[in-house]
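Below, each chain spelled out in residue letters.
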Amino acid sequence: QVQLVESGGGLVQAGGSLRLSCTASGSISRIVVMGWHRQASGKQRELVASITVGGTTNYVDSVKGRFAISRDNAKKTWYLQMNSLKPEDTAVYYCAAGLLNPTAYWGQGTQVTVSS
């Protein structure tokens, strides 16, 4: 079993920054890919960014150049640094992880609200 605990999030003005953190515990050998998803009100959940234990990253086009995902394998933690935030980034953000895709294990979600 894997448990994920998120921290960060909150309210920020457009153009501001936030950092999300996610720490894993339990059977972490099952984690190869880590990521962050988000779900805005009335929209489908989307994968925003992912990173492998080897450091390979991927981003959805809408956040490229603004968001950065990173990980600290020793701390079993990964991060999402969000810069130049826009109102359309407002959503509940979920950290997730898995063996092939970041979809097997999920955090509890944290609200990010960007005011205009």
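Placed above this text is the structure.
This one's a predicted model, so the numbers in the text were calculated from it and none came from an experiment.

S.K.: Requested: an account of the overall build of the protein chain, with residues and values cited.
M.R.: Looking only at helices and strands, the protein chain has zero helices and 11 strands in total. The linear arrangement of helices and strands in the protein chain, starting from the amino end, is β-β-β-β-β-β-β-β-β-β-β. Its C-alpha atoms give the protein chain principal-axis dimensions of about 40 × 25 × 25 Å. Counting only residues that meet the buried cut, the protein chain has 41% of its 116 residues in that class. Looking at the protein chain alone, contacts between residues at least 24 apart form 52% of all its contacts between residues at least 6 apart. A total of about 6000 Å² of accessible surface is found on the protein chain, and carbon and sulfur atoms cover 48% of it. Between the centroid of the 11 positive side chains of the protein chain and the centroid of its 6 negative side chains there is a distance of 6 Å.

S.K.: An account of the nonpolar core is requested, with residue identities and associated values reported.
M.R.: Core analysis: the largest hydrophobic core is formed by 28 residues, its most contacted members being Leu 4, Trp 36, Phe 67, Trp 78, Leu 80, Met 82 and Tyr 93. Contributions of two or more residues to this core are made by β1 (2-7), β3 (18-26), β4 (33-39), β5 (46-52), β7 (67-72), β8 (77-82), β9 (91-98) and β11 (110-115). Excluding residues within four positions of it along the chain, Met 82 makes contact with Gly 16, Ser 17, Leu 18, Leu 20, Arg 66, Phe 67, Tyr 93 and Val 112.

S.K.: A description of the state of the cysteines should follow, citing residues and the corresponding values.
M.R.: Applying the stated rule across the entire model yields one disulfide. In this model Cys 22 forms its disulfide with Cys 95; the gap between the sulfur atoms is 2.1 Å. Note on the Cys 22 and Cys 95 pair: the S-S dihedral is about 50°, so by sign convention the disulfide is right-handed. Separated by 73 residues along the polypeptide, Cys 22 in strand β3 and Cys 95 in strand β9 bring together distant segments of the chain. Given the relative accessible area of 0%, Cys 95 is considered buried.

S.K.: How would you summarise the pattern of salt bridges if you had to cite specific residues and measurements?
M.R.: Applying the stated criterion to the full structure yields four salt bridges. A salt bridge links Glu 46 to Arg 38, with the shortest nitrogen-to-oxygen separation between them at 2.7 Å. On the accessibility criterion, Arg 38 (7% relative accessible area) is buried. Salt-bridge contacts for Asp 89 lead to Arg 38; the nearest nitrogen and oxygen are separated by 2.9 Å. Placement of the pair is Asp 89 in the loop between β8 and β9 and Arg 38 in strand β4, with a sequence separation of 51 residues. No difference in accessibility class separates Asp 89 from Arg 38, as the two residues are buried.

About the cut-offs
Residues numbered from 1 in each chain as written. Predicted model: local features only at pLDDT ≥ 70, side-chain atom pairs only at ≥ 80, totals over all residues. Heavy atoms only, no water. Helix = DSSP H or I, 4+ residues; strand = E, 2+ residues; numbered from the N terminus. Buried < 20%, exposed > 50% of the residue type's maximum accessible area, 1.4 Å probe, protein only. Contact = heavy atoms within 4.5 Å. Areas by Shrake-Rupley, 256 points an atom, 1.4 Å probe, with all protein chains shown as cover. Lys, Arg positive; Asp, Glu negative; His and termini not counted. Charge placed at Lys NZ, Arg CZ, Asp CG, Glu CD. Core = buried A, V, L, I, M, F, W, Y, C linked by side-chain atoms within 4.5 Å. Disulfide = S-S within 2.5 Å. Salt bridge = Lys/Arg side-chain N within 4 Å of Asp/Glu carboxyl O.

Function-wise, these values are silent; they only describe arrangement.
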